[in-house]
Amino acid sequence: MRPDLNRRKFLAASARGAAAAGLAGVARHLNWLGIPAARAAQGENPSDWITSLVRDYTANSPLNSLKNEAAEKAWDEPLVGFCRGDDSIFQLYKDRVGPFHWTPLEIFRLAFPDDPARADELTVISWILPHTEAVKADLRKETKNPSEKWVRARIYGEEFNEDLRRYVAASLLKSGHPAVAPSLSPGFKTEKSERYVFASTWSERHAAYAAGLGTFGLCDGLITPKGKAMRCGAVVARIQVAGTPRPYEDHHAYCLFYAKGICGLCTTRCPAGAVTKSGHDKQACMKQCAATAQYADKQFGLKGYGCGFCQTGVPCESRIPV
Ligand code: SF4
Ligand code: SF4
């Protein structure tokens with residue numbers, strides 16, 4: 001068979017797999033034009049190639065935008081980490097959260113039921129999108145209601161994050177590595193959890209923890225080397241990449257409250273009292289987030305919510321606190 005025909009077949013199969021993986025819009029990415037190619041070529045070092053995919057897309061995509069008059073960027077340069085698909089931490093998550101919580105192999109098989117991949121052939125690719133200083137400064141000065149830039153980052157920044165998940169998965173598919181973005185998968189949902197009130201079939205923050213990118217704070221946010229004011233994303237792919245070392249043993253290692261018994265500033269920043277010294281009250285938090293949606297609509301004409309007071313004006317906002 002002619003090589004170009006093989007390639008066409010592969011792209012068609014990739015697009016089918018992408019559809020099964022819930023990657024609507026993937027065709028656009030499979031024929032992706034207009035933004036410079038990732039700096040590092042695939043081949044010698046897959047971690048450099050994938051890191052470059054995430055960073056270059058974030059730097060160059062016009063979708064990385066607050067969509068305000070000044071077209072300010074929503075995100076700074078991302079952090080990227082990797083975790084092997086057969087890392088036992090994912091079974092631990094499942095045991096603690098509930099049977100509905102996916103391991104990398106489970107979500108991969110849901111997306112690619114005909115692919116005989118084993119867990120040790122998969123990699124979880126995780127990234128952190130840090131908020132820009134302008135977005136953080138905008139919310140830092142508020143105490144009750146969210147600022148416009150923060151809400152824009154929550155709405156349009158997350159739209160970009162979704163696009164980034166599609167782009168990374170499509171780029172991997174195009175290079176012969178089936179890939180799925182779990183949180184875009186049609187089966188992604190939130191369930192009741194005995195231990196955690198409710199939890200999702202996949203947690204981007206827990207994937208980031210597994211990929212060495214940070215530990216949890218008193219308010220449940222992930223404290224990363226670029227701070228807690230961020231959002232994260234992940235893709236599970238059939239590609240072998242060495243796991244990023246986890247430079248911690250305790251899942252609260254970076255939080256001053258758990259590590260040293262000091263700080264607790266996120267408890268005073270939260271306008272809803274949803275963070276106390278006992279931890280994070282998910283239901284109170286959800287109620288407050290719903291209230292911010294009403295405010296954002298009335299005040300800024302924006303459809304969506306955005307709270308995040310616990311992520312700004314605190315020592316872990318932009319770094320690992322000391
Ligand atoms: S503000 Fe302080 S207590 Fe809260 S998560 Fe950050 S370091 Fe921990
Ligand atoms: S997101 Fe808002 S309501 Fe939820 S814990 Fe943080 S500050 Fe409180």
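Numbers given for residues are sequential positions, taken from 1 along each chain in its written order. Labels follow written order: the first chain is A, the first ligand is 1, and so on. Whole-chain, interface and lining totals are the exception, using all residues; otherwise, since this is a predicted model, local features are given only for residues with pLDDT of at least 70 and side-chain atom pairs are given and counted only at 80 or more.

Looking at the sheet that holds strand β3 (residues 179-180)
Strand-to-strand pairing in sheets goes through backbone hydrogen bonds, with the strands running parallel or antiparallel. What the four strands build is an open sheet, ordered β1-β2-β8-β3; its pairing is antiparallel. The sheet is open, and its two borders are formed by β1 (79-84) and β3, each paired with just one other strand. With eight bridges joining them, strand β2 (residues 123-130) and strand β8 (residues 230-237) adopt antiparallel strand pairing. Counterpart to Thr123 in the pairing with β8 is Ala237. By the convention adopted here, residues are in contact when the distance between their C-beta atoms, placed from the backbone, does not exceed 7 Å. Every axis corresponds to a line fitted to the C-alpha atoms, with the helix fit spanning only the stretch in contact, and the corresponding angles, defined between N-to-C directions, vary from 0 to 180 degrees. Numbering of helices and strands runs from the N terminus, with a helix taken as a DSSP run of H or I at least four residues long and a strand as a DSSP run of E at least two residues long. Strand contacts of helix α7 (residues 148-174): β2, β3 and β8, with the helix running at about 20° to β8, the strand carrying the most contacts. Strands are labelled as partners when DSSP assigns at least two bridges between them.

Side note on the packing of helix α6 (residues 133-140) against α7
The N-to-C vectors of α6 and α7 enclose an angle of 130°; their axes lie 7 Å apart at closest approach. Of the possible angle classes, the one that applies to α6 and α7 is oblique. Taken together, the residues of α7 that come into contact with α6 (itself represented by Ala134, Val135, Asp138 and Leu139) are Lys149, Trp150 and Ala153. Tallied by class, residues from the contact of α6 with α7 come to five nonpolar, no polar and two charged. Throughout this description, any angle smaller than 35 degrees is read as roughly parallel, any larger than 145 degrees as roughly antiparallel, any in the 65 to 115 degree range as roughly perpendicular, and the remainder as oblique. Ten residues, namely Ala, Val, Leu, Ile, Met, Phe, Trp, Tyr, Cys and Pro, are considered nonpolar, four, namely Asp, Glu, Lys and Arg, are considered charged, and the remaining ones, Gly among them, are considered polar.

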